[in-house]
Amino acid sequence: MKGLGLSELKPTVLKIGGSVITDKGEELKVRMQAMNRLAEEIRDAGVQNLVVVHGGGSFGHPLAQKYAIREGFKEKVNRVGFSETHHVMTVLNGLFMDALIWRNVPAVSITPSSCIITKNGRIQCFEDAPLRMLLKMGFLPVLYGDAVLDKELGFTILSGDQLVSVLATMFNAERIIIGVDVDGLYDADPKVDKNAKMFKHLTLDELKELQSKLDKSKTYDVTGGMFGKIVELLPATKHGIPVIIVNAAKPGYVQKVLEGKKVKSTLVEKE
Ligand code: IP8
């Protein structure tokens, strides 16, 4: 295994949004068809050096909200809430792992709460040796947004987006692919605003400008966390890692982007 640094591997980091693999309209409802299709797309694209991160959707989020896990440890009841939130994420992850492994993908799950500790919600410790070794050996590591321990708060929620950004920067990723349930990044929520304009290409400066405008925009608050994603991904973009935002709910799109082919999407680059 000597002489195979991760900077040479330059992995691709792929995020699959929780809204793609679960139905956010109903608690604990998985979209098994989408999950199976995405597992096939990942297998067929055959990308070497890939890390997958998935979101929480209707598994992690309702429980995290019910017990206010993000705000930290307060009382006994939210301690059980932490366990429940983490547990349902392992269930969702297990379903995705099934879909991948049954299709012959050498995927291995890495539990974020077992290797990451945050401080005020930001990743502070990351025991990444197993992840590095898995990548070097040609496995597909799969991580997810999780309920994690936090040095200040006791515990909190770590979003898959922060994880993607940190992983990509740590491993000097070749690119980040963000699979969501809309076609790319818009200036308003395309699900409620017919006139929402999609960006095909954004530079870091344009993105920052957009961020300051959108900050004041109430409409954008309802875009299913898209704005939060951008804020999380800014450090990786600054690092020079291109980010492609693509519709993972549309069959074949993720596969094509993984294969380096062009599809309708938003590309965010440093310049
Ligand atoms: O869906 C959050 O991950 P995200 C995970 O990537 C939990 O924001 C546990 C709510």
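So, how was this worked out
- Residues numbered from 1 in each chain as written.
- Predicted model: local features only at pLDDT ≥ 70, side-chain atom pairs only at ≥ 80, totals over all residues.
- Heavy atoms only, no water.
- Helix = DSSP H or I, 4+ residues; strand = E, 2+ residues; numbered from the N terminus.
- Rg over C-alpha atoms; globule rule 2.2 N^0.38 Å.
- Contact = heavy atoms within 4.5 Å.
- Areas by Shrake-Rupley, 256 points an atom, 1.4 Å probe, with all protein chains shown as cover.
- Lys, Arg positive; Asp, Glu negative; His and termini not counted.
- Charge placed at Lys NZ, Arg CZ, Asp CG, Glu CD.
- Axes fitted to C-alpha atoms, helices over the stretch in contact; angles between N-to-C directions.
- Parallel < 35°, antiparallel > 145°, perpendicular 65-115°, else oblique.
- Left-handed = near helix turned anticlockwise from the far one by under 90°.
- Pairing = 2+ DSSP bridges.
- Buried < 20%, exposed > 50% of the residue type's maximum accessible area, 1.4 Å probe, protein only.

### Here's the deal with the overall build of the protein
On a plain count of helices and strands, the protein comes out with eleven helices and 14 strands. Here the protein has a C-alpha radius of gyration of 18 Å; the compact-globule value for 271 residues is 18 Å, and the two agree. When the backbone C-alpha atoms are referred to their principal axes, the protein occupies close to 50 × 45 × 35 Å. Taking as baseline every contact in the protein between residues at least 6 positions apart, the subset at least 24 positions apart corresponds to 76%. Taken as a whole, the protein presents about 12,700 Å² of accessible surface, with 52% of it coming from carbon and sulfur. Across the protein, the mean location of the 36 positive side-chain charges is 1 Å away from that of the 32 negative side-chain charges.

### With respect to the packing of helix H3 (residues 32–45) against helix H5 (residues 76–101)
At a closest axis distance of 8 Å, the pairing of H3 and H5 adopts a crossing angle of 50 degrees. Comparing the axis directions of H3 and H5 gives the class oblique. H3 and H5 meet at a crossing whose hand is right-handed. From H3, Met32, Met35, Asn36, Ala39 and Ile42 reach across to H5, where they touch Leu92, Leu95, Phe96, Ala99 and Leu100.

### What about the sheet that holds strand S5 (residues 122–126)?
Reading across the sheet, the four strands line up as S5-S4-S7-S8 and stay open at both edges, with mixed pairing between neighbours. Bordering the open sheet on either side are S5 and strand S8 (154–158), each of which pairs with just one other strand. Averaged over all adjacent pairs, the angle separating strand axes in this sheet is 45 degrees, with direction ignored. As defined by bridge partners, strand S4 (residues 116–119) adjoins S5 across four bridges and the pair is classed as antiparallel. In the strand pairing of S5, Lys119 is matched with Arg122.

### Considerations on the side chain of Thr203
Note that Thr203 resides in strand S12 (residues 201–203). Residue class for Thr203 comes out buried when judged on its relative accessible area of 17%. In contact with Thr203, other than residues within four places in its own chain, are Glu269, Lys270 and Glu271.

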